[in-house]
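Observations on chain architecture
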Amino acid sequence: MTSSYVIRGASILGASPADLFVSDGVLVDSAPSNAEVVEADGLVALPGLVDLHTHLREPGREDAETVETGSRAAAMGGYTAVCAMANTSPVADTAGVVEQVWRLGREAGLVDVQPIGAVTVGLAGKQLAELGAMAASAASVRIFSDDGSCVADPRLMRRALEYVKAFDGIIAQHAEEPRLTEGAQMHEGEVSTRLGLTGWPAVAEEAIIARDVLLAEHVGSRLHVCHVSTAGSVEVLRQAKARGVRVTAEVTPHHLLLTDELAASYDPVFKVNPPLRTAKDVEALRAALIEGVIDIVATDHAPHAVEDKECEWAYARPGMVGLETALPVVLSVLGEQWDLIADRMSRTPARIAGLSSHGLSLRPGEPANLTLVDPAARRVVDPSGLTSKSRNTPYAGTTLPGRIVATFLRGEPTVLDGKAQK
Ligand code: DOR
Ligand code: ZN
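The following refers to the structure shown. (Residues numbered from 1 in each chain as written. Chains lettered and ligands numbered in written order. Predicted model: local features only at pLDDT ≥ 70, side-chain atom pairs only at ≥ 80, totals over all residues. Heavy atoms only, no water.)

Here's the deal with the environment of A204
Along the chain, A204 falls in helix 6 (residues 202-219). Distance from A204 to L180, taken between C-alpha atoms, is 5.6 Å for residues 24 residues apart in sequence. Not counting residues within four places of it along the chain, the set of residues in contact with A204 comprises A175, E176, E177, L180 and T181. (Helix = DSSP H or I, 4+ residues; strand = E, 2+ residues; numbered from the N terminus. Contact = heavy atoms within 4.5 Å.)

Below is the structure:
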């Protein structure tokens, strides 16, 4: 089924209202016949958002999320493409598993699901996974990551960077020197001292980023740094970029908004890896995102089943869901800087991931991948109202600006009137 739409009176990236015409999956320059009208008075149109870092949990933890439920949550959050992290069970370290995830994404048909492959077999950090076979598979993997674990062995990291250079692939690093974070429960600082919890020091992240930008520079490969969380990391990245190192970096919505003070509640919903940092780090991350030292916002959407999250702090899994609140959080942090938001949440992540039909301008001839946002709406986050299979949001009861009203994937609405269409 292919339909035609007139999206009436949308403000593209905050410009004066205009009509958008959709036919056969693409934007066209005049109203198609028999078009369905979507009233977009007061709504802002953005290119469909692209998430470079989503945990979809399938295969293995379908009780927490599936490719389908995560895709639906993504569409509800304004996304048209997500990159699925490899720390599933089994791990996405073979062509078979990445093809399975890719196929499930196509079957769900709610967002484009681009699998990320593991760097090492079983994420064990011992032996390179079959990167070439994953790249050559139907899933055409270009990004590899052991996210959840750091590729700590410098020789393996070097080999991985060398290997992916042949096809301009990317190693996305979870920067955490494991010897410096043994037993860590939260950010190492005043609050951890006060609470008597073992700290995760900023230098454990910064040391790995510093090492890896040098390795990437030496090899001439592309490095991407996942969930940058400290002011010191920003400085390392700034210097590397100034030297021309091929490095990109992401920050999560939660690291842009929340601080380590929240750990004092001992509510595991605030436990995440890397941990929430200080207000000074938050300030540096915001400035770096605006400046472009940090290239993009990525959710690190990490759904967890109730029994893995609603337990004692020390035993709870790290991670929080993020797809459905990412844009509202970023809007609350950056304000209505629509072009900047489109750049950091759609254009640049699409370019980094090589997703050529996403992150494009909303003009005739381009694929109709877009989202409509009501910037005037204010919503209190209610975990039971989330589309994700898991409920571990740190924003329960928080009022956030902006509501995603509609999302279109290749000209078909995946969300309309704030409701998922399938
Ligand atoms: O908080 C996190 N959760 N950090 C990670 O690196 C992994 C993720 C997960 O898979 O739950
Ligand atoms: Zn992650």
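A short note on the side chain of T181
Position of T181 among the secondary structure elements: in the loop between strand 10 (170-173) and strand 11 (186-187). Look at T181 and you get buried, because its relative accessible area is 8%. Among all residues touching T181, those that are not within four sequence positions of it are E176, W200, P201 and A204. (Buried < 20%, exposed > 50% of the residue type's maximum accessible area, 1.4 Å probe, protein only.)

Description of the nonpolar core
One finds L46, I341 and M345 to be the most contacted residues of the largest nonpolar core, which totals 92 residues. Top contributing element to this core by residue count: helix 11 (residues 326-334), with 7 residues. Ignoring sequence-local partners within four residues, the contact set of M345 consists of L49, V50, Y79, V297, A326, L327 and V330. Y5, L43, L362 and A406 belong to the second largest nonpolar core, which has 18 residues in total. (Core = buried A, V, L, I, M, F, W, Y, C linked by side-chain atoms within 4.5 Å.)

What to know about the sheet that holds strand 7 (residues 79-84)
If you trace the 3 strands from one edge of the open sheet to the other, you get 6-7-8, paired in parallel fashion. This sheet does not close on itself; its edge strands, each paired only once, are strand 6 (49-54) and strand 8 (112-115). Averaged over all pairs of adjacent strands, the angle between strand axes in this sheet comes to 20°, irrespective of strand direction. Two elements, strand 6 and strand 7, share 4 bridges in a ladder whose sense is parallel. Paired with V50 across the two strands is A81, which belongs to strand 7. (Pairing = 2+ DSSP bridges. Axes fitted to C-alpha atoms, helices over the stretch in contact; angles between N-to-C directions.)

Some points on the coordination of the zinc ion (ligand 2)
Donor atoms from the polypeptide that coordinate the zinc ion (ligand 2) comprise H53 (NE2), H55 (NE2), D147 (OD) and D300 (OD), at 2.0 to 2.2 Å from the metal. Coordination at the zinc ion (ligand 2) comes from 4 donor atoms whose angles at the metal span 87 to 175°, giving a geometry best classed as irregular. Coordination of the zinc ion (ligand 2) draws on donor residues from a single chain, spaced H-x1-H-x91-D-x152-D in sequence. Of this pair, H53 sits in strand 6 while D300 sits in the loop between strand 15 (296-297) and helix 10 (306-309); the two residues are 247 residues apart in sequence, bridging distant segments of the chain. Of the residues examined, H53 reaches a relative accessible area of 0% and is grouped as buried. (Donors = N, O, S within 2.8 Å, 3.2 Å for Na, K, Ca; no water. Tetrahedral: all angles 85-135°; square planar, octahedral: opposite > 155°, others 65-115°.)

Some words on the site of ligand 1
As a structural note, the neighbourhood of ligand 1 is formed by 14 residues, with R57, N87, H174, N273 and H304 the closest of them. Taking G148, its main chain carries an N or O atom lying 3.5 Å from an oxygen atom of ligand 1. Contact distances for ligand 1 include 3.2 Å between an oxygen atom and a side-chain N or O atom of H174. Its residues assigned to classes, the shell around ligand 1 comprises 3 nonpolar, 8 polar and 3 charged. (Near = heavy atom within 4 Å. Polar contact = N/O pair within 3.5 Å; in protein donor to acceptor, adjacent residues only side chain to side chain. Nonpolar A, V, L, I, M, F, W, Y, C, P; charged D, E, K, R; others polar.)

A look at the pairing of strand 16 (residues 370-380)
The pairing of strand 5 (residues 44-47) with strand 16 spans 4 bridges and is antiparallel. Bridge pairing in strand 16 places A45 opposite L372.

A word on helix 2 (residues 95-108)
Between its first and last C-alpha atoms helix 2 spans 20 Å; for 14 residues at 1.5 Å apiece the expected length is 20 Å, and the two agree. Among all positions of helix 2, only A95, V97, V98, V101, L104, G105 and A108 are buried. Buried residues in helix 2 make contact with helix 1 (67-76), strand 7, strand 8 and helix 3 (131-136). One or two residues past the end of helix 2 sits G109, with phi positive at roughly 65°. (Expected span 1.5 Å × (residues − 1).)

Re unusual backbone geometry
Backbone torsion omega between S89 and P90 reads 5°, so that peptide bond is classified as cis. As for its placement among the helices and strands, P90 is situated in the loop between strand 7 and helix 2. Backbone geometry at D300 places phi at a positive 50°, although glycine is not the residue there. The exposure class of D300 is buried, given its relative accessible area of 6%.

Interpretation note: all reported values are geometric properties and have no functional meaning in isolation.
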